[in-house]
Amino acid sequence: KNNELFIDLIFEKERPEKKKVGEVIGIDTGYRSLLATSNGELIGTELKDKIKRAGKRRKSFHHYIETEINRNLKKLNLNNVKTIVVENLKNVKKNKRGKFSRRSNRLLSFWHYNQALSRLRQLCEEEGVSVQIKSPYKTSQRCPYCGKIDRRNRNGERFMCINCGYKENADIVGALNQSIRVGGSI
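Residues numbered from 1 in each chain as written. Predicted model: local features only at pLDDT ≥ 70, side-chain atom pairs only at ≥ 80, totals over all residues. Heavy atoms only, no water.

**Quick word on the sheet that holds strand β5 (residues 130–134)**
Alright, step 1. Taken together, five strands build an open sheet; the order of strands is β3-β2-β1-β4-β5 and the sheet is mixed. Strands at the two margins of the open sheet, each flanked by one partner only, are β3 (42–43) and β5.
Alright, step 2. Relative to strand β4 (residues 81–87), strand β1 (residues 23–29) runs parallel, the two sharing five bridges. Across the sheet, the residue bridging to isoleucine 27 is valine 86, located in β4.
Alright, step 3. Running at roughly 140° to β1, helix α5 (residues 170–182) makes contact with β1, β2 (35–37), β3, β4 and β5 of the sheet. (Pairing = 2+ DSSP bridges. Helix = DSSP H or I, 4+ residues; strand = E, 2+ residues; numbered from the N terminus. Contact = heavy atoms within 4.5 Å. Axes fitted to C-alpha atoms, helices over the stretch in contact; angles between N-to-C directions.)

**Some words on the packing of aromatic side chains**
Alright, step 1. What the rule picks out here adds up to two aromatic pairs.
Alright, step 2. Following the ring pairs from residue to residue traces out a cluster consisting of Tyr145, Phe159 and Tyr166. (Phe/Tyr/Trp six-rings, centres within 6.5 Å; stacked < 30°, edge-to-face > 60°.)

**A closer look at the state of the cysteines**
Formally, a disulfide is one covalent bond, and it connects the sulfur atom of one cysteine to the sulfur atom of another.
Alright, step 1. Evaluation of the coordinates by the stated rule reveals zero disulfides.
Alright, step 2. We note that cysteine 146 lacks a disulfide partner, and the nearest cysteine sulfur, in cysteine 161, lies 3.5 Å from it. (Disulfide = S-S within 2.5 Å.)

**Re the environment of asparagine 72**
Alright, step 1. With respect to the helices and strands, asparagine 72 occurs in helix α2 (residues 59–73).
Alright, step 2. Asparagine 72 sits 27 residues away from threonine 45 along the chain, and the two C-alpha atoms are 9.4 Å apart.
Alright, step 3. Contacts of asparagine 72, omitting those with residues within four sequence positions, involve Leu34, Ile43, Gly44 and Glu46.

**Observations concerning the side chain of threonine 83**
Alright, step 1. Residue position: threonine 83 is located in strand β4.
Alright, step 2. A polar contact of 3.2 Å, which involves the side chain of threonine 83, links it to the side chain of serine 130.
Alright, step 3. Sequence-distant contacts of threonine 83, defined by excluding residues within four places in its chain, comprise Glu23, Val24, Ile25, Val129, Ser130 and Gln132. (Polar contact = N/O pair within 3.5 Å; in protein donor to acceptor, adjacent residues only side chain to side chain.)

**Focus on unusual backbone geometry**
Alright, step 1. Despite not being glycine, asparagine 3 shows a phi value in the positive range, around 60°.
Alright, step 2. Structurally, the position occupied by asparagine 3 is in the segment before β1.
Alright, step 3. Although it is not a glycine, lysine 138 adopts a positive phi angle of roughly 60°.
Alright, step 4. Here lysine 138 lies in the loop between β5 and β6 (154–155).

**Examining the nonpolar core**
Alright, step 1. Among the nonpolar cores identified, the biggest contains 23 residues, and Ile27, Leu76 and Ile84 are the most heavily contacted of them.
Alright, step 2. Mapped by element, the contributors of at least two residues to this core are β1, α2, β4 and α4 (113–127).
Alright, step 3. In terms of residue count, the dominant contributor to this core is α4 (six residues).
Alright, step 4. Residue contacts for leucine 76: discarding those within four places in its chain leaves Ile27, Leu35, Thr37, Ile43, Ile84 and Leu120. (Core = buried A, V, L, I, M, F, W, Y, C linked by side-chain atoms within 4.5 Å. Buried < 20%, exposed > 50% of the residue type's maximum accessible area, 1.4 Å probe, protein only.)

**Let's talk about the sheet that holds strand β7 (residues 158–160)**
Alright, step 1. Read across the sheet, three strands follow the order β6-β7-β8 without closing on themselves; strand pairing throughout is antiparallel. Of all the strands in the sheet, just β6 and β8 (167–169) have a single pairing partner and so form its edges.
Alright, step 2. Inspection of the sheet shows β6 paired to β7 by two bridges, in the antiparallel sense. Within β7, the position partnered with arginine 154 by the bridge is phenylalanine 159.

**Some details on the pairing of β1**
Alright, step 1. Burial of β1 is extensive: six of the seven residues sit out of reach of the surface.
Alright, step 2. In the sheet, β1 pairs with β2 via three bridges, with the strands oriented antiparallel. By the bridge assignment for β2, threonine 29 is matched with leucine 35.
Alright, step 3. Turn length for the β1-β2 hairpin, with the two strands adjacent in sequence and antiparallel, is five residues.

Here you go:
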């Protein structure tokens, strides 16, 4: 093309076998922190502030957010993990028109859940980790210790069980409950 030569190199890597030994990790995804794991890790907490400072929506900024998502996903340690359980948020904004404030809507427009999930699947495939997608129903309102489900347990980013008094970040509690559903332990 125009006296220029373009070469595409494609490398194929052998797919590793799925791990049979290791722990089960639950992951709660969101825009406050990109990932919250059942190990107590919060990954990508600075992403929300970067989006707030960005100003109006720009096409180039979406590319920047995708790059930041990839950078933050690489921080996830998959060494001793056999299974990751992620919540299914595919239709989280469906039938919610007019329910969110303008500010919340803007934040959610930069939240690339599907892109983050597909990149997470790629990373897990490279490491031989299986990925399960489960319903997020009441995961951030259920106490992982006593099992009490009450919407008063969660207040913003804080979780405090009204039954047993357990306190933790609400996203980490959601991740704990995801891992418990598949047989993980607290």
